[in-house]
Amino acid sequence: NAGVTQTPKFRVLKTGQSMTLLCAQDMNHEYMYWYRQDPGMGLRLIHYSVGEGTTAKGEVPDGYNVSRLKKQNFLLGLESAAPSQTSVYFCASSRDTGELFFGEGSRLTVL
Amino acid sequence: AQSVTQPDIHITVSEGASLELRCNYSYGATPYLFWYVQSPGQGLQLLLKYFSGDTLVQGIKGFEAEFKRSQSSFNLRKPSVHWSDAAEYFCAVGAGLNTGFQKLVFGTGTRLLVSP
């Protein structure tokens, strides 16, 4: 029972490089989210999706893009990475109970 | 917009002692409230949630929380702490379209240390 799986778990980028984080859930959840976690700031919502083919901006969307082509996958892209995007990224999904299920996180360092 | 304040960055509790973690929220409507726990290197796990009804809610691992509208608080409690409870705890308030979809706003977290 995998739940929410994030890949990769660790990545180091140089400023200006691009990358994509993949989130996959096997619980048939309708809603999916991307958060970033920074020390002393808790978790902040980057983008979210209320269903396949839909995306919307959260609290801190600048510098990120997302896509949800399949219900089970939610991709987070960085087109031109900046040091300010060094963070731990968490994907989550939810259905109808209000409980968010989180992945184990992806640690990104931008040099 | 909603917001959450967790005034304690760190708390140290002796094993077997009681625990209370503070959470204050700001939200114009009836809030959906949550407590999550994060162990080192892990994602977040739901401890408990409040949507409506009884203001004292029970969660997993022996935790409970009480919603007090007059104080805008949702404090987390446990009568006897175990060493395995050492982790970081996050309070969150949800602005959802329904109970299923929740745009959570998290507090900055409280790190719990458990001493022998």
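All of these numbers come straight from a predicted model, not from anything done at the bench. (Residues numbered from 1 in each chain as written. Chains lettered and ligands numbered in written order. Predicted model: local features only at pLDDT ≥ 70, side-chain atom pairs only at ≥ 80, totals over all residues. Heavy atoms only, no water.)

Student: Explain the pairing of strand β10 (residues 87–94) of chain B here, please?
Tutor: Sheet faces and side chains relate simply in a regular strand, where the side chains alternate between the two faces. Residues and elements named next belong to chain B. Within β10, 8 of the 8 residues are buried, which leaves it mostly tucked inside the rest of the structure. A two-sided burial pattern is seen for β10, the buried positions comprising A87, Y89, C91 and V93 on one face and E88, F90, A92 and G94 on the other. Pairing geometry for strand β5 (residues 32–38) and β10, over 7 bridges, is antiparallel. Paired with W35 across the bridge in β10 is C91. Note: β10 against strand β12 (residues 110–115), 3 bridges, orientation antiparallel. (Buried < 20%, exposed > 50% of the residue type's maximum accessible area, 1.4 Å probe, protein only. Helix = DSSP H or I, 4+ residues; strand = E, 2+ residues; numbered from the N terminus. Pairing = 2+ DSSP bridges.)

Student: Help me understand the sheet that holds strand β8 (residues 73–78) of chain A, please; the structure alone is not making it clear to me.
Tutor: Pairing between sheet strands relies on hydrogen bonds along the backbone, with the strands arranged either parallel or antiparallel. Residue and element names in this part refer to chain A. Ordered in space as β1-β3-β8-β7, the 4 strands form an open sheet in which the pairing is antiparallel. Looking at which strands have only one partner, the edges of the open sheet turn out to be β1 (4–7) and β7 (65–67). Pairwise comparison of adjacent strand axes, ignoring direction, gives a mean angle of 20° for this sheet. One ladder, built from 6 bridges, connects strand β3 (residues 19–25) with β8; its direction is antiparallel. In the sheet register, L21 faces β8, and the bridge partner there is L76. (Axes fitted to C-alpha atoms, helices over the stretch in contact; angles between N-to-C directions.)

Student: What's the story with the state of the cysteines in this structure? I'm lost.
Tutor: Note: disulfide means a covalent bond formed between the sulfur atoms of two cysteine side chains. Residues and elements named next belong to chain B. Tallied over the full model, the rule gives 2 disulfides over all chains. Shown here is the disulfide that connects C23 with C91, its sulfur atoms set 1.9 Å apart. Every disulfide takes its handedness from the sign of the S-S torsion; for C23 and C91 that torsion is -65°, giving left-handed. With a gap of 68 residues between them, C23 in the loop between β3 (19–21) and β4 (24–26) and C91 in strand β10 connect regions that are remote in the sequence. Taken individually, C23 and C91 each receive the classification buried, so the pair is uniform in this respect. (Disulfide = S-S within 2.5 Å.)

Student: Sorry if this is basic, but what is going on with the pattern of salt bridges here?
Tutor: A side chain with one charge can pair with a side chain of the opposite charge if their charged atoms come near. The tally for this structure, following the rule as stated, stands at 8 salt bridges over all chains. Between E30(A) and K71(A) there is a salt bridge, and its shortest N-O distance comes to 3.2 Å. Of this pair, E30(A) sits in the loop between β3 and β4 (31–38) while K71(A) is found in the loop between β7 and β8, placing the two residues 41 residues apart along the sequence. In this structure, R22(B) engages D8(B) in a salt bridge whose closest nitrogen and oxygen atoms are separated by 2.9 Å. Of this pair, R22(B) sits in the loop between β3 and β4 while D8(B) sits in the loop between β1 (3–5) and β2 (10–14), and the two are 14 residues apart along the sequence. (Salt bridge = Lys/Arg side-chain N within 4 Å of Asp/Glu carboxyl O.)

By themselves these figures say nothing about function.
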